[in-house]
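# Summary of the model geometry
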Amino acid sequence: MREGVALMAAVYCFRLDTPAGRITLREEGDALTHLQFGDIFYENAEYEESHLLREAARQLNAYFNGTLQNFSLPLHPEGTEFQRRVWAELQTVPYGQTRSYGDIARACGNVHAARAVGMANNRNPLAIIIPCHRVIGANGKLVGYGGGLNVKAFLLDMEKKTMEQLECR
């Protein structure tokens, strides 16, 4: 490496059609950094499959088929310390269950931070994998989701039906 010149990690992107719509996956430095809804364009990114993106697509397909409940992928979401704490807490919400923004705030150590939890959810760069769709309003209603409330409802309903099918076995 030349003095004063940092090497940039390779950035790869892959688009995947899912039952919840098209998503764009982004990998940087051997970790997933983004899962976003729609056709997202990132400058300076290679739009090709890497080993990690193929594995992420395989796990997402298994999730949508009801055969995967927990993702095991290297993740590197960028955010503030509080956002990362919220995102870590979201990953503890069991498949097929929901928590309120207040529940997540309490789990993060600040009972008064429900709105801040909502903002951290809004900034979650790895939707579905970091399951912010499992967070609902204190009154049990669906509120806010980057993919749209229809997608949030779809994901929660899909998880609920999968759990019901598993209980019947």
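Above this note sits the structure.
Here goes a summary of the coordinates provided. Source: prediction; values computed, not measured.

## Examining the nonpolar core
What tends to happen in soluble globular proteins is that the nonpolar side chains get buried as a cluster. In this structure, Leu35, Leu60, Tyr63, Ile128 and Leu155 are the most contacted members of the largest nonpolar core, which totals 41 residues. Of all the elements, helix α1 (residues 51–64) adds the most residues to this core, at 8 residues. In this structure, leucine 35 is in contact with Ile23, Thr24, Leu25, Leu60, Pro125, Leu126, Ala127, Ile128 and Ile129, ignoring residues within four places of it in sequence.

## Brief notes about the sheet that holds strand β1 (residues 11–18)
Read from one edge to the other, the open sheet built from 4 strands follows the order β3-β2-β1-β4, with strand pairing classed as mixed. The open sheet has two free edges, formed respectively by β3 (31–37) and β4 (46–47), since each of these has just one partner strand. Both β1 and strand β2 (residues 21–28) contribute to a ladder of 8 bridges, which runs antiparallel. Residue arginine 15 lies in a different strand from β2, and its bridge partner there is threonine 24.

## Structural notes on the side chain of histidine 133
Tracing the sequence through the fold places histidine 133 in the loop between α4 (114–122) and β6 (135–136). A polar atom in the side chain of histidine 133 sits 2.8 Å from the side chain of glutamate 159. Setting aside its immediate chain neighbours within four residues, histidine 133 contacts Tyr63, Ile128, Tyr145, Lys152, Leu155, Leu156 and Glu159.

## Re the pairing of β1
Count of turn residues in the β1/β2 antiparallel hairpin: 2 residues. Across 2 bridges, the pairing between β1 and β4 is parallel. Counted as the bridge partner of tyrosine 12 is glutamate 46 from β4.

## Quick notes on the pairing of β3
Remember that side chains alternate between the two faces of the sheet whenever the strand is regular. Judged from the 6 bridges that link them, β2 and β3 form a sheet pairing that is antiparallel. If you follow glutamate 27 over to β3, its bridge partner there is leucine 32. In this antiparallel pair of consecutive strands, β2 and β3, the connection spans 2 residues, and glycine 29 shows a positive phi of 60°.

## Quick notes on the environment of glycine 38
By the secondary structure assignment, glycine 38 is in the loop between β3 and β4. Separated by 93 residues in sequence, glycine 38 and proline 131 place their C-alpha atoms 18 Å apart. Setting aside its immediate chain neighbours within four residues, glycine 38 contacts Arg22, Ile23 and Thr24.

## Observations regarding the pattern of salt bridges
Per the stated rule, a full pass over the model turns up 9 salt bridges. Between aspartate 39 and arginine 22 there is a salt bridge; the shortest N-O distance is 3.0 Å. Remark: arginine 22 occurs in strand β2 and aspartate 39 occurs in the loop between β3 and β4; sequence separation between them is 17 residues. Judged by its relative accessible area of 51%, aspartate 39 is exposed. A salt bridge links arginine 85 to glutamate 81; the nearest nitrogen and oxygen atoms lie 3.8 Å apart. A residue pair is termed a helical-turn pair when its members lie 3 or 4 positions apart in one helix, as arginine 85 and glutamate 81 do in helix α2 (residues 81–90) at 4 residues. Overall, the relative accessible area of 37% leaves arginine 85 in the partly exposed class. Residue glutamate 81 is classed as exposed on the basis of its relative accessible area, which comes to 56%.

How each quantity is defined
- Throughout this document, residue positions are counted from 1 along each chain, in the order its sequence is written.
- Selection of residues for local features in this predicted model requires a pLDDT of at least 70, selection of side-chain atom pairs for listing and counting requires 80 or more, and totals for whole chains, interfaces and linings are taken over all residues.
- Heavy atoms from the whole structure form the basis of all side-chain values; hydrogens and water molecules are not counted.
- To qualify as a nonpolar core, a set must consist of buried Ala, Val, Leu, Ile, Met, Phe, Trp, Tyr and Cys residues joined through side-chain atoms within 4.5 Å.
- Categorising residues by exposure relies on relative accessible area from a 1.4 Å probe, with only protein chains included: less than 20% of the type maximum marks a residue as buried, more than 50% marks it as exposed, and the intermediate range marks it as partly exposed.
- Here a strand is any run of E in DSSP of at least two residues, a helix any run of H or I of at least four, and the numbering for each starts at the N terminus.
- Whether two residues are in contact is decided by their heavy atoms: any pair within 4.5 Å suffices.
- Two strands pair if DSSP finds at least two bridges between them.
- Under the rule applied, a polar contact is a pair of N or O atoms within 3.5 Å (in protein, one hydrogen donor and one hydrogen acceptor; residues adjacent in sequence only if both atoms are side-chain atoms).
- Salt bridges are defined by distance alone: a side-chain nitrogen of Lys or Arg within 4 Å of a carboxyl oxygen of Asp or Glu.

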